[in-house]
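# Coordinate analysis (summary)
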Amino acid sequence: MEVSGRKWKKVYYWLLTYIDENKFSENHKLPSENTLCRTLGVSRETVRMAMDELEKENLIRRIRGSGTYFNREEAVSRDLDRDTSQIKIGLILQGQDGSAEEELIRGVRSMLKEDEQAGLKVYLTDNKFTNERRCLQTVMHQNFDGFIVDGVKASMANPNLDCYRELQRHGIPLIFYNNYYQNLRCPKVGVNNMVCAEQLIGRLVQAGHRHIAGIFVFDNYQSVEKFHGMYASLLRHGIECRDEYVKWCISDEAHDDRFARNIIRFLKSVPRCTAIVCCNYRIYRLVRIVLESQGKRVTEDYSLVCFDYSAGETEK
């Protein structure tokens, strides 16, 4: 069976884009052949032809029994961008919440469709300073017209502000989405987390809850603002927000399933707790798994809420 050049090149260019987006992250593994066949609607033979071409270019390596990985150093040193748009926008994302970021990418691209001269380049950093720095140093001299950034561990002192200031010195516009750096004078777009907290905590109080626990991420500005909103809302309702009812973690912990053990210990330490506030959907999901493993039910034993359902799901 002959495979058309157009089909295998479609897979080839799709993989080039995938490699380009992930070359500053820790994810060096390509999707499996079966996944590519399902995603792109092509045959396994077509996928293998595209893989063969990438292997000839030293961009990937196949490891029997493990999968196919791309050569990060080769990807970083080469310009994989085929976009010939006159206006080039960079979108630098943490990459830890794929569902939420897919919506953001879709939204940005929908706006850029109105301008045929504009193109979008996406880069993932895994919410790590070193990856962010390498990304910024690489793209700084690639004629970008502007960047949209979801800051890395934004509530902490960021060591990469010099890179952002260099971009500003070159007159390249920056706008931050959700997580921003206080020491940079840049426009930012985000959610009013104080209002969100007022509404969320208000509903729990109306339902009769007085012992409300919260789990927050301290290296994320959004999460810190959510905590401040929860604290202020509880005080406004005449409820003391006790320190032992708040569990803090860092972003990396929250994206590790082993964090479930810490959640178990935390809930045991607050036996009077009847409601749990999670700063994001990822933590919400972990808490729900923990409660189920402990034989606890939502909503009979606990009310469980979170500030966003970025995975597109709704729960009672």
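Please read these numbers as outputs of a predicted model, since none were measured by experiment. Per chain, the residues get numbers from 1 upward, laid out in the order the sequence is written. Per-residue local features of the predicted model are confined to residues with pLDDT of at least 70, and side-chain atom pairs are confined, for both listing and counting, to 80 or more; whole-chain, interface and lining totals are unaffected and use all residues. Think of the side-chain values as coming from all heavy atoms in the structure, minus any hydrogens and water.

Once that is clear, we can look at the overall build of the protein. Segments assigned H or I by DSSP are reported as helices when at least four residues long, segments assigned E as strands when at least two residues long, and all are numbered from the N terminus. Within the protein, the secondary structure is distributed over 12 helices and 11 strands. Oriented by its inertia axes, the alpha-carbon framework of the protein measures out at about 70 × 50 × 35 Å. In the protein, which comprises 316 residues, the proportion classed as buried is 48%. In the protein, 70% of the contacts between residues at least 6 apart in sequence involve partners at least 24 apart. Carbon together with sulfur atoms contributes 47% to the accessible area of the protein, which is approximately 16700 Å² in total. Neither His nor the chain termini are counted; the positive set is Lys and Arg, and the negative set is Asp and Glu. Lys charges are placed at NZ, Arg charges at CZ, Asp charges at CG and Glu charges at CD. Taking the average location of the 46 positive side-chain charges in the protein and that of its 44 negative ones, the two points are 4 Å from each other. Accessible area is worked out with a 1.4 Å probe on protein chains only. A residue is then buried under 20% of its type maximum, exposed over 50%, and partly exposed in between. In this analysis, two residues are considered to be in contact whenever any of their non-hydrogen atoms come within 4.5 Å of each other. Per-residue and other accessible areas follow the Shrake-Rupley method at a 1.4 Å probe size, with only the shown protein chains counted as cover for residues.

Two strands pair under a simple rule: DSSP has to find at least two bridges between them. Judged by pairing direction, the sheet is parallel, and its four strands sit side by side in the order β9-β8-β10-β11 without closing on themselves. Each edge of the sheet is formed by a strand with only one pairing partner; in this case those strands are β9 (246–249) and β11 (303–306). Strand-to-strand twist of the sheet, defined as the mean angle between neighbouring strand axes without regard to direction, takes the value 15 degrees. Here four bridges tie strand β10 (residues 275–278) to β11, and the two strands are oriented parallel to one another. Across the sheet, the residue bridging to Ala 275 is Ser 303, located in β11. Convention adopted: a line fitted to C-alpha atoms gives each axis, helices being fitted over their contacting stretch, and angles between N-to-C directions are expressed from 0 to 180 degrees.

It is worth spelling out a nonpolar patch on the surface at this point. Patch membership requires more than 30% relative accessible area and the absence of a salt bridge. Residues of like charge join within 9 Å; the nonpolar side chains Val, Leu, Ile, Met, Phe, Trp and Tyr join within 5 Å. Should a side-chain nitrogen of Lys or Arg be within 4 Å of a carboxyl oxygen of Asp or Glu, the pair is scored as a salt bridge. Taken together, the side chains of Met 156, Phe 218 and Trp 248 define a hydrophobic patch exposed on the protein surface, amounting to about 270 Å² of accessible area. Take Phe 218: its relative accessible area is 39%, and that puts it in the partly exposed class.

Here strand β3 (residues 87–93) lies mainly inside the structure; six of its seven residues are buried. By the bridge criterion, seven bridges tie β3 to strand β4 (residues 118–124) in an arrangement that is parallel. Bridging from a neighbouring strand, Ile 87 pairs with Ala 118 of β4. Strand direction decides the pairing type here: β3 and strand β5 (residues 146–149), joined by four bridges, are parallel. Looking at the pairing, Ile 92 lines up with Val 149 of β5.

Glancing now at unusual backbone geometry. Along the chain, Val 298 connects to Thr 299 via a cis peptide bond; the corresponding omega equals 20 degrees. Relative to the helices and strands, Thr 299 is located in the loop between α12 (281–293) and β11. Despite not being glycine, Asn 178 has its phi angle at roughly 70 degrees, a positive value. Looking at the secondary structure, you find Asn 178 in the loop between β6 (174–177) and β7 (188–189). What makes Asn 178 buried here is its relative accessible area of 17%.

Moving on, we get to the pattern of salt bridges. Counting across every chain of the model gives 22 salt bridges. Measuring nitrogen to oxygen at the nearest pair gives 2.9 Å for the salt bridge that ties Glu 33 to Arg 44. Of this pair, Glu 33 sits in helix α2 (residues 33–40) while Arg 44 sits in helix α3 (residues 44–56), and the two are 11 residues apart along the sequence. In this structure, the salt-bridge partner of Asp 162 is Arg 133, at a minimum N-O distance of 2.7 Å. Residue Asp 162 is located in helix α7 (residues 161–169), and its partner Arg 133 is located in helix α6 (residues 129–139); the two are separated by 29 residues in the primary sequence. By relative accessible area, Asp 162 is classed as partly exposed at 38%. On the basis of relative accessible area, Arg 133 is assigned to the partly exposed category, the value being 25%. If you follow the salt bridges from partner to partner, you end up with Asp 20, Lys 23 and Lys 121 in one network.

Soluble, globular proteins show a tendency: their nonpolar side chains are buried together. As used in this record, nonpolar core signifies buried Ala, Val, Leu, Ile, Met, Phe, Trp, Tyr and Cys residues forming a set joined through side-chain atoms within 4.5 Å. In terms of nonpolar packing, the biggest core is built from 43 residues, with Ile 212, Ile 276, Val 277, Ile 283 and Val 287 touching the most fellow members. Contributions of two or more residues to this core are made by α8 (193–206), β8 (212–217), α9 (221–236), β9, α11 (260–269), β10, α12 and β11. Of the residues forming this core, the biggest block, seven residues, is contributed by α12. Sequence-distant contacts of Ile 283, that is, excluding residues within four places in its chain, are made with Ile 215, Val 217, Cys 249, Ala 254 and Cys 278. Residues Phe 24, Val 76, Leu 161 and Cys 163 belong to the second largest nonpolar core, which totals 26 residues.

Let's shift gears to the packing of aromatic side chains. When two rings of Phe, Tyr or Trp (its six-membered ring) have centres within 6.5 Å they constitute a pair, described as stacked for plane angles under 30 degrees, edge-to-face for angles over 60, and tilted for the intermediate range. Enumeration over the complete set of coordinates arrives at 15 aromatic pairs. Between Trp 14 and Tyr 18 the ring centres are 5.8 Å apart and the planes differ by 15 degrees, which places this aromatic pair in the stacked class. Of this pair, Trp 14 and Tyr 18 both sit in helix α1 (residues 5–22), four residues apart, which is roughly one turn of the helix. Residue Trp 14 is classed as partly exposed on the basis of its relative accessible area, which comes to 31%. Classification of Tyr 18 by relative accessible area gives buried; the value is 18%. Ring pairing ties together the aromatic residues Phe 24, Tyr 123, Phe 144 and Phe 147, which thus form one cluster. Our definition puts a charge over a ring when NZ of Lys or CZ of Arg is within 6 Å of the ring centre and also within 35 degrees of the ring normal. The lysine or arginine in question, Lys 153, covers the ring of Phe 129, its NZ or CZ lying 5.7 Å from the ring centre.

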